[in-house]
Amino acid sequence: MASRTRTYAVVGLALVAAVTAGCSGTGSGSGSGSTTSPAGSSSGGGGGGGGGQNSAAPTESNPPGDIPDNQAFVAYQPSGGSFAGFTVKVPEGWARTGQGSTTVFTDKLNTVKITAVSAAAAPTTGSVTSKVIPQLRSQVPKFAAPKVSEMTRHAGRVVLLTYQGDSTKDPVTGKVVRDAFERYAFYRAGHEVDLTLSGPVKADNVDPWRIVSDSFAWR
């Protein structure tokens, strides 16, 4: 009886050892798999997640002063002032103000300013440098980096003056923005029209400003 009991005990111990070894083997394999699998899935998941985010349509977030790509433009022709023989496209919906022969369109941080004057001669790079720049230097806060050049737009030859300056202080926030300016001087038969486009220096408005300056036409 004692012999039979010892036999059962030995068999039981053998079974326990076998089960323990099997579990230990399974745990080892599982541990190896869990070490490899999460790393692979983490890498794949990260790539997949990034791919999903990149493939999704990005939320539009224009930098301050950027004119939206879907901005519409409408033709403007003055109805009064010293001279009304021209048209130019301006952004639709912008606020309009006028004084004498100057009309200004504004929206947030951007401005389109149009001034028509009588002139005995066409502007040149020399006349803009000697006459216009000193005037602007006294009018524009922290006026800097003036550059004068000649170029061609659809209306013909034009003198372009680019420069920088501070905007007027916002009455609500009290903030001042550093602006970049493009001033186009068009001339024909004793009439000069100065088209000045301005907005924050970091804004990317190359295309909208090109639309406006290229749209100028004599009537």
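Look above for the structure.
Presented here is an overview of the structure given in this document.

## Concerning the overall build of the protein chain
The number of helices and strands found in the protein chain is 3 helices and 10 strands. Counted from the first residue to the last, the protein chain has its helices and strands arranged as α-β-β-β-β-β-α-β-β-β-β-α-β. Looking at the protein chain as a whole, 31% of its 219 residues qualify as buried. For the protein chain, the proportion of contacts with a sequence separation of at least 24, taken over those separated by at least 6, is 47%. Total accessible area on the protein chain is roughly 13300 Å²; 55% of this is exposed by carbon and sulfur atoms.

## Thoughts on helix H2 (residues 125–139)
An ideal rise of 1.5 Å per residue puts 21 Å on 15 residues; H2 measures up with 20 Å between its terminal C-alpha atoms. Its maximal kink placed at Val-132, H2 deviates by approximately 35°, while the proline Pro-134 follows within four residues. When H2 is considered as a whole, its buried residues turn out to be Val-128, Val-132, Ile-133 and Leu-136.

## Looking at the nonpolar core
Counting 22 residues, the largest nonpolar core has Phe-86, Val-88, Val-112, Ile-114, Val-193 and Leu-195 as its most contacted members. Elements with a minimum of two residues in this core: strand S2 (86–91), strand S5 (110–118), strand S7 (156–166), strand S8 (178–188), strand S9 (191–200) and helix H3 (206–215). Counting 11 residues, the second-largest nonpolar core is a separate cluster that includes Val-128, Ile-133, Leu-136 and Leu-161.

## Considerations on the pattern of salt bridges
All chains considered together, the criterion is met by 7 salt bridges. For Glu-192, the salt bridge goes to Arg-183, with nearest N and O atoms at 3.9 Å. You'll find Glu-192 and Arg-183 in the same group, each marked buried. Among the salt bridges present, the one from Arg-210 reaches Asp-214, with a minimum N-O distance of 2.7 Å. Of this pair, Arg-210 and Asp-214 both sit in helix H3, 4 residues apart, roughly one helical turn. Looking at Arg-210, the relative accessible area reads 42%, which means it is partly exposed.

## Things to note about the sheet that holds S5
Strand order in the open sheet formed by 7 strands is S3-S4-S5-S9-S8-S7-S6, with antiparallel pairing between adjacent strands. Looking at the sheet topology across the chains shown, the edges are occupied by strand S3 (95–99) and strand S6 (144–153). For this sheet, the mean angle separating the axes of adjacent strands, direction not counted, is 15°. Pairing of S3 with strand S4 (residues 102–107), which is carried by 5 bridges, proceeds in the antiparallel orientation. Bridge assignment links Ala-95 to a residue of S4, and that residue is Thr-106. Across the face of the sheet, H2 comes into contact with S6, S7 and S8 while running at roughly 140° to S6. Along the sheet face, H3 touches S5, S6, S8 and S9 and points at about 175° away from the line of S9.

What counts and how
- Residues numbered from 1 in each chain as written.
- Predicted model: local features only at pLDDT ≥ 70, side-chain atom pairs only at ≥ 80, totals over all residues.
- Heavy atoms only, no water.
- Helix = DSSP H or I, 4+ residues; strand = E, 2+ residues; numbered from the N terminus.
- Buried < 20%, exposed > 50% of the residue type's maximum accessible area, 1.4 Å probe, protein only.
- Contact = heavy atoms within 4.5 Å.
- Areas by Shrake-Rupley, 256 points an atom, 1.4 Å probe, with all protein chains shown as cover.
- Expected span 1.5 Å × (residues − 1).
- Bend = angle between axes of the 7 residues up to and from the residue.
- Core = buried A, V, L, I, M, F, W, Y, C linked by side-chain atoms within 4.5 Å.
- Salt bridge = Lys/Arg side-chain N within 4 Å of Asp/Glu carboxyl O.
- Pairing = 2+ DSSP bridges.
- Axes fitted to C-alpha atoms, helices over the stretch in contact; angles between N-to-C directions.

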